[in-house]
Protein chains: 2
Amino acid sequence: MANEHIVKSFDEELEALERMVTQMGGMAEAQLSDCIIALSRRDSALSAVVVTGDAKVDEMNWAVDEAVVRVLALRQPMALDLRAVIGALRIAGDLERIGDYAANVAKRTMALSHLPIVSPVQSIPRMGKLVQHIVKEVLDAYTEKDAAKAERVWERDAEVDEIYTSLFRETLTYMMEDPRNITPCTHAMFMAKNIERIGDHATNIAETVFFIVNGTPLMKRRPKGDESAYSLGATAADYVVSVD
Amino acid sequence: MANEHIVKSFDEELEALERMVTQMGGMAEAQLSDCIIALSRRDSALSAVVVTGDAKVDEMNWAVDEAVVRVLALRQPMALDLRAVIGALRIAGDLERIGDYAANVAKRTMALSHLPIVSPVQSIPRMGKLVQHIVKEVLDAYTEKDAAKAERVWERDAEVDEIYTSLFRETLTYMMEDPRNITPCTHAMFMAKNIERIGDHATNIAETVFFIVNGTPLMKRRPKGDESAYSLGATAADYVVSVD
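The rules behind these values
Residues numbered from 1 in each chain as written. Chains lettered and ligands numbered in written order. Predicted model: local features only at pLDDT ≥ 70, side-chain atom pairs only at ≥ 80, totals over all residues. Heavy atoms only, no water. Helix = DSSP H or I, 4+ residues; strand = E, 2+ residues; numbered from the N terminus. Buried < 20%, exposed > 50% of the residue type's maximum accessible area, 1.4 Å probe, protein only. Contact = heavy atoms within 4.5 Å. Areas by Shrake-Rupley, 256 points an atom, 1.4 Å probe, with all protein chains shown as cover. Phe/Tyr/Trp six-rings, centres within 6.5 Å; stacked < 30°, edge-to-face > 60°. pLDDT = per-residue confidence, 0-100.

### Re the overall build of chain A
Within chain A, the secondary structure is distributed over 8 helices and 0 strands. The buried share of chain A, reckoned over its 244 residues, is 57%. The contacts in chain A between residues at least 6 apart in sequence include a share of 81% that link residues at least 24 apart. Within the structure as shown, chain A displays about 9,600 Å² of accessible surface, and the carbon and sulfur contribution to it stands at 54%.

As structure tokens, this is what we get:
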């Protein structure tokens, strides 16, 4: 194995690194998909699998970090190659966070199994599916080194923010209606927030893919779907708290 | 300037990079401190300064990223030097997130100015001060390349998690008491969560400092102050929703 490693070309090493990131992407996608299925079905057993599975995503992140440091030290890549290596490091970091958020959704699904069913929780899977699609698209953009696709993904973050804002309002209304809804609704709020944050990390990945391919940063200001939140009327029930 | 750059030694370039990160750390610290002062005083003007100031932290992050890529390309550092360069990249990423969370706290302070005062909001600054102290300590550990100090900071994350859990319970109780408390209390929950996340990023920085100095990762499982949350009784008011 050690010899085999030494005779590898830089291209082979870079490909191996990218395969690790792609594999890690698949793991994060599966965690996200499972946490959403578990939430829809109130499935504590599947949630527990997601919670335990997070350690594997974390280990993969360490493995990518180590591979990056090794490639940088042994190969001293330049220009595009260097961006690909640094990009792998960044994307792995975002995937690790996506795994954390999926695990947190799974933990909350487990906590919800003791609590009454509230409608806002049932609205989350739709948002989850959109974010799942965005994560899939951005990982495809990474594999295909497709900057245009990355840019399209990047623009979709505003959609996620809009759904998040509307889900947040709905949840708030349920909380006001009956104090018994407050605990499950608080879980719903944080689940929605976790999924919105997964969308943000997909956006980060889109920026990194764009940077790898073009060597320049994507526009620095993100499109924000929820900026309007600040200008809304401030009645107790309507005042949007989904500030981000 | 261009010539001056070319004749710089690697040590000088690395020092310049570390100074950038330290300066960025100072910026993130100031943002955190200001958002907590603004929260204590219900000061929307100061909050607005924090919200606007976040762009400067973001720009500094791009500047660090660019400097890292340049140093890697021109200097091909090895071993300790390579870890210092990669570490600078990671720490800048964490500081950027700390800036984001501080800005989010500031936005929520502005939203709270239209809402009734609730006691949980007034409990947040204490948690904020603890996290501020932790951020300061970890930045000192970075400047002094002190792995032992970094490890001590890393262990303090459990304290933050404990305060967060207790603040969360308190907030939940207020929400149940009176529906008019729900909106301001929701802000309080997310503010507390933001500050808890700042603590997590300080913990990440501690891990990076340890890695820079020793070349090995700090233990991979973090001490968690809130694991007990899952084993608590599930009465509506007591069920802890601060799952993380």
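### Overview of the packing of aromatic side chains
For the structure on display, the rule yields 5 aromatic pairs over all chains. Relative to Phe190(B), the ring of Phe168(A) has its centre 5.5 Å away and its plane inclined at 55 degrees; by these criteria the two rings are tilted. With one member in each of two chains, Phe168(A) in helix α7 (residues 157–177) and Phe190(B) in helix α8 (residues 182–214) form a pair that bridges those chains. The class of Phe190(B) is buried, set by a relative accessible area of 2%. With 4.6 Å between their ring centres and 5 degrees between their planes, Phe190(A) and Phe190(B) make a pair best called stacked. With Phe190(A) in helix α8 (residues 182–214) and Phe190(B) in helix α8, the pair connects residues from two separate chains. The same class applies to Phe190(A) and to Phe190(B), which are both buried. Members of the aromatic cluster, each reached through a chain of ring pairs, are Tyr164(A), Phe168(A), Phe190(A), Tyr164(B), Phe168(B) and Phe190(B).

### Structural notes on the confidence of the model for chain A
All names here are of chain A. The predicted model of chain A has a mean per-residue pLDDT of 86, with 86% of residues at 70 or higher. Averaged over each element, pLDDT in chain A is lowest for helix α1 (residues 2–7) (49) and highest for helix α2 (residues 10–41) (95). Low pLDDT, under 50, characterises residues 1–5; the predicted model gives this stretch 3 contacts beyond four residues in sequence or across chains. Across residues 225–241, confidence stays below pLDDT 50; counting only partners more than four residues off in sequence or on other chains, it has 38 contacts. Interface confidence for the predicted complex, expressed as ipTM, amounts to 0.71; the pTM equals 0.80.

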